[in-house]
Each structure stands twice: as structure tokens, then as C-alpha cells.
Amino acid sequence: MKNRKRILVTGGAGFIGSHLCERLLKEGHDVISLDNFFTGTKENILPFMDNPYFESVRHDITHQYFIEVDWIFNLACPASPIHYQFNPIKTLKTNILGTLNMLGLAKRVKARILHASTSEVYGDPKMHPQKEEYWGNVNPIGLRSCYDEGKRAAETLMMDYKREQNVDSKIVRIFNTYGPKMRFDDGRVVSNFIVQALKGDNITVYGDGSQTRSFCYVDDLVEVMMRMMKKEDFPGPVNTGNPDEFTVMELAQKIIEMTGSKSKIDFKELPADDPVRRKPDISLAKEKLDWEPKVKLEEGLKATINYFDQWLAV
Ligand code: NAD
Ligand code: UDP
């Protein structure tokens, strides 16, 4: 293929990373996944392991890595609270040293680099819905800080490498994303509720379930990441997420209904610093990338329920 690019995906064996690798391979690119398999799995990349244009490299991005590539997608970082809080110092190292290493590589080989940031940079937001110009309300010393502040520092690095070193860097701020290949045990709300409902276990709603989130199906996210990477002269940051907002209780009820489960709700303590409301303002993505999510919650949940149903059957 004439326009085949060599593309490095850090975190390529993770939930979003493996979907992204699949899409890049479908577009005919030469893809290298760099992953230490902390939360990622070989199962996620198994379907394309024998594709000659795919390579899986076991590597930790807190150490340098040298390779000639055209594009870098920097996704490596545990994303679920239980995993990023498992070793908070490591989470900070992945975000800061890892991003520095990838920016150093981008500078050396003149690659374009897109960083997977997060809605967590807004913390427990005082602006609703969240727009890119909002600076956020983040606790710098709490349990979520290793992730939130790590991601904020990574954004700073992305912008400073652009300003000081002319690196072609880009930032997407990803809001809650779900879909097949999420881990059954990563504690995130969609996977937790679906697995609990399918097993007939109690659904663990933290707090009173009135906190809100906006859930984006993974295919929609991969589409906007591709558009962002291809877009000239637009570094972002840009919000990428689905603006349809639901309370956690509404999500629980929807999943119980869709699975036909007999599960009951079990109210548990709300974790510290759990954001009360979250909903992206995606006007910038619409304007610059001509993107908005297409997959409705029911449709995305159906595919995700099917995935976990099959997964539990094995
Ligand atoms: P994930 O945990 O499934 O994937 C992260 C991948 O990074 C895993 O494969 C893991 O093994 C790998 N990894 C972690 N530390 C590493 C290191 N030091 N070196 C090499 N590899 C390492 O999570 P995900 O949901 O796929 O998230 C991917 C990215 O998107 C993350 O950067 C995350 O912060 C961001 N993000 C995700 C969401 C979401 O809702 N899923 C929301 C906001 C931001
Ligand atoms: N949550 C819940 N029960 C669970 C897992 C999560 O009520 O079993 C809540 C959690 O407290 C939060 C929301 O669901 O308010 C989303 O949690 P998740 O960990 O998926 O993502 P994040 O908090 O990072 O948005």
C-alpha cells in the first residue's frame, strides 16, 4: 500500500489500544504495540497476532525505546481506579517518564504523537458540561491524584514539547469509554454491572447512584482518535466522549433490564473524590473533526453484554 504508515501504539494490548490496533491494521498500516501487559492481555491482540503487519513488543514505557515510526499513539497507562491506584507511583512514572520517553522518540524521528488524556483532568468539575478551556478542580493529594495529576503533567509535556521542540503533538481528552475487551475485573462501572447482572450477583452501586457519567462506545472513540491523528494544524486538547448523560443508577437499571437479570441493587460506600457529574461538551470535536458519536447506549451495551456473556461461558 502506498500510504502505509509505521505506527507505534503504546498500551496496544489494552482495551482501547487493541481496538485501535485493529482499526489501523484494517486501514493497511504497519502497527507495533508496545505494552508491559500490566492490564492489557494477549487475548486482546490474539485475533491479529499472525498478521505480518502487526508486532507485539513487551516493553515498559518508563524505559526508553527506539524505533523508526511515523505516528505514535500514546495510550499506555492503567485506566481503571483499582489498577491505577494499585501502584500509584508507577502510575505517575508511566504518565510522566513514559510520556517524556515517547515525546523524546517523536522528536528524534519526527513522528506525530497523539496522547490519550482524560476527562479526569477536570477532576470533580465545577463547569457543566465540561469544555476544553475549563482548568479543572483536581485534588492534588488524593487517591486519584496519581492518575489525574499524572495526566495533567503529561498534557503539559505534550504542549511544552510542541512549543519548545516543535514536536507535532496532539491531545484527546477521553471521557468514560466502554465496549468489548474491557477487563471483567477492572472495577469500572460498565464491566462491573454487566458481569454482576449476568452472574445474578448484587449490583454494587457506590453512593446513592445519583452521580452521572456519559458513556462512549469504543468504536466511536477510535473513529475520533483517527480523525484527530490525521488532522493538520490542530493540537487540541479536544474532548472525545458521548454527551448523553446518565446517572449510575439509571445505568444499573438499564443493564438489569437488558440482561433480564434478577440481581438486586447493593449500595456501597462512595469512593473518595468520586466526581459528581461528568459530561463532555463536544462542540470543538464537531467543528474541527466533523465528529460526533453514533452509537446509542443501548446499542453499545448490547454488544458489550454479548461479549461478556460469551466470555463467561468459556
Ligand atoms: P487499559 O488498562 O485497558 O489499557 C492500558 C494499557 O497500557 C494496558 O494494555 C497496559 O498493560 C498498558 N500499560 C500500562 N502501563 C504501562 C507501561 N508503563 N508501559 C507499557 N504499557 C503499559 O485501559 P484503556 O481503557 O484501554 O485506556 C487506554 C488509555 O486511554 C489510557 O491512557 C487511559 O488513561 C485513557 N483513557 C481511558 C478511558 C476509558 O474510559 N477507558 C477514559 C479516559 C482516558
Ligand atoms: N461505580 C459504581 N459501582 C461500581 C463501579 C463504579 O457505582 O461497581 C461508580 C463510581 O463510583 C463512579 C462511576 O460508577 O461514580 C464510574 O466509575 P468508573 O470507575 O467506571 O469510572 P470513573 O469514576 O473513573 O469515571
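Calculation rules
- Residues numbered from 1 in each chain as written.
- Chains lettered and ligands numbered in written order.
- Predicted model: local features only at pLDDT ≥ 70, side-chain atom pairs only at ≥ 80, totals over all residues.
- Heavy atoms only, no water.
- Helix = DSSP H or I, 4+ residues; strand = E, 2+ residues; numbered from the N terminus.
- Expected span 1.5 Å × (residues − 1).
- Bend = angle between axes of the 7 residues up to and from the residue.
- Buried < 20%, exposed > 50% of the residue type's maximum accessible area, 1.4 Å probe, protein only.
- Near = heavy atom within 4 Å.
- Polar contact = N/O pair within 3.5 Å; in protein donor to acceptor, adjacent residues only side chain to side chain.
- Areas by Shrake-Rupley, 256 points an atom, 1.4 Å probe, with all protein chains shown as cover.
- Nonpolar A, V, L, I, M, F, W, Y, C, P; charged D, E, K, R; others polar.
- Salt bridge = Lys/Arg side-chain N within 4 Å of Asp/Glu carboxyl O.
- Core = buried A, V, L, I, M, F, W, Y, C linked by side-chain atoms within 4.5 Å.
- Contact = heavy atoms within 4.5 Å.
- Pairing = 2+ DSSP bridges.
- Axes fitted to C-alpha atoms, helices over the stretch in contact; angles between N-to-C directions.
- Phe/Tyr/Trp six-rings, centres within 6.5 Å; stacked < 30°, edge-to-face > 60°.

S.K.: How would you summarise helix α4 (residues 88–109) if you had to cite specific residues and measurements?
M.R.: Taking 1.5 Å as the rise per residue, α4 with 22 residues should run 32 Å; its terminal C-alpha atoms sit 31 Å apart, in good agreement. Within α4, the axis deviates most sharply at Thr94, by approximately 25°. For α4, the set of buried residues is Thr91, Thr94, Asn95, Gly98, Thr99, Asn101, Met102, Leu103, Gly104, Leu105, Ala106 and Val109. Lys110, located one to two residues past α4, shows a positive phi value of around 55°.

S.K.: Describe the site of ligand 2, listing the residues and the values that go with them.
M.R.: In the region of ligand 2, 18 residues are neighbours, and Asn192, Thr204, Arg213, Asp274 and Arg278 sit closest. Between ligand 2 and Arg278 there is a distance of 2.6 Å, counted from an oxygen atom to a side-chain nitrogen or oxygen. Taking 520 Å² as the accessible area of ligand 2 by itself, protein coverage stands at 95%. Grouping the amino acids of the shell around ligand 2 by side-chain chemistry returns seven nonpolar, five polar and six charged.

S.K.: Can you break down the pattern of salt bridges residue by residue, with the values?
M.R.: Oppositely charged side chains are able to pair whenever their charged atoms sit close together. Per the stated rule, a full pass over the model turns up 25 salt bridges. In this structure, Arg23 engages Glu223 in a salt bridge whose closest nitrogen and oxygen atoms are separated by 2.9 Å. With a gap of 200 residues between them, Arg23 in helix α1 (residues 15–26) and Glu223 in helix α7 (residues 218–230) connect regions that are remote in the sequence. Residue Glu223 is classed as partly exposed on the basis of its relative accessible area of 22%. Note that Arg173 and Glu155 form a salt bridge whose closest N and O atoms lie 2.7 Å from each other. Taken together, the residues Arg173 in strand β6 (residues 169–174) and Glu155 in helix α5 (residues 145–165) connect sequence positions 18 residues apart. One connected set of salt bridges, linked through shared partners, spans Arg23, Glu27, Glu223, Arg227 and Lys230.

S.K.: Give me the lowdown on the nonpolar core, citing residues and values where you can.
M.R.: Counting residues in hydrophobic clusters, the biggest one holds 59 residues, and the most contacted among them are Leu20, Phe73 and Leu301. Among the elements that line this core, the one with the most residues is α7, at eight residues. Excluding residues that lie within four positions of it along the chain, Leu301 makes contacts with Tyr178, Val190, Ile194, Leu251, Lys254, Ile255 and Met258. The next biggest cluster of nonpolar side chains, apart from the first, holds 22 residues, and it includes Ile32, Ile67, Met158 and Ile171.

S.K.: Go over the sheet that holds strand β1 (residues 6–10) with me, naming the residues and quoting the values.
M.R.: Strand order in the open sheet formed by seven strands is β3-β2-β1-β4-β5-β6-β11, and the pairing between neighbours is parallel. Of all the strands in the sheet, just β3 (54–58) and β11 (238–240) have a single pairing partner and so form its edges. In this sheet, adjacent strand axes meet at a mean angle of 20° when their direction is disregarded. The pairing of β1 with strand β4 (residues 71–74) spans four bridges and is parallel. Of the residues in β4, the one forming a bridge with Val9 is Phe73. Of the strands in this sheet, β1, β2 (30–35), β4, β5 (112–118) and β6 are in contact with α4, which crosses β4 at around 170°.

S.K.: Could you give me a rundown of the packing of aromatic side chains, with the residues and numbers involved?
M.R.: The tally for this structure, following the rule as stated, stands at 10 aromatic pairs. Summarising the aromatic geometry, the rings of Tyr122 and Phe175 are spaced 6.1 Å apart at their centres and angled 40° between planes, so their arrangement reads as tilted. With Tyr122 in the loop between β5 and α5 and Phe175 in the loop between β6 and β7 (177–178), this residue pair connects regions lying 53 residues apart in the sequence. Using a relative accessible area of 0% as the deciding quantity, one classes Tyr122 as buried. A residue is classified by how much of its surface remains accessible, and Phe175, at 1% relative accessible area, is buried.

It is worth stressing that arrangement in space is one thing and function is another; only the former is reported here.
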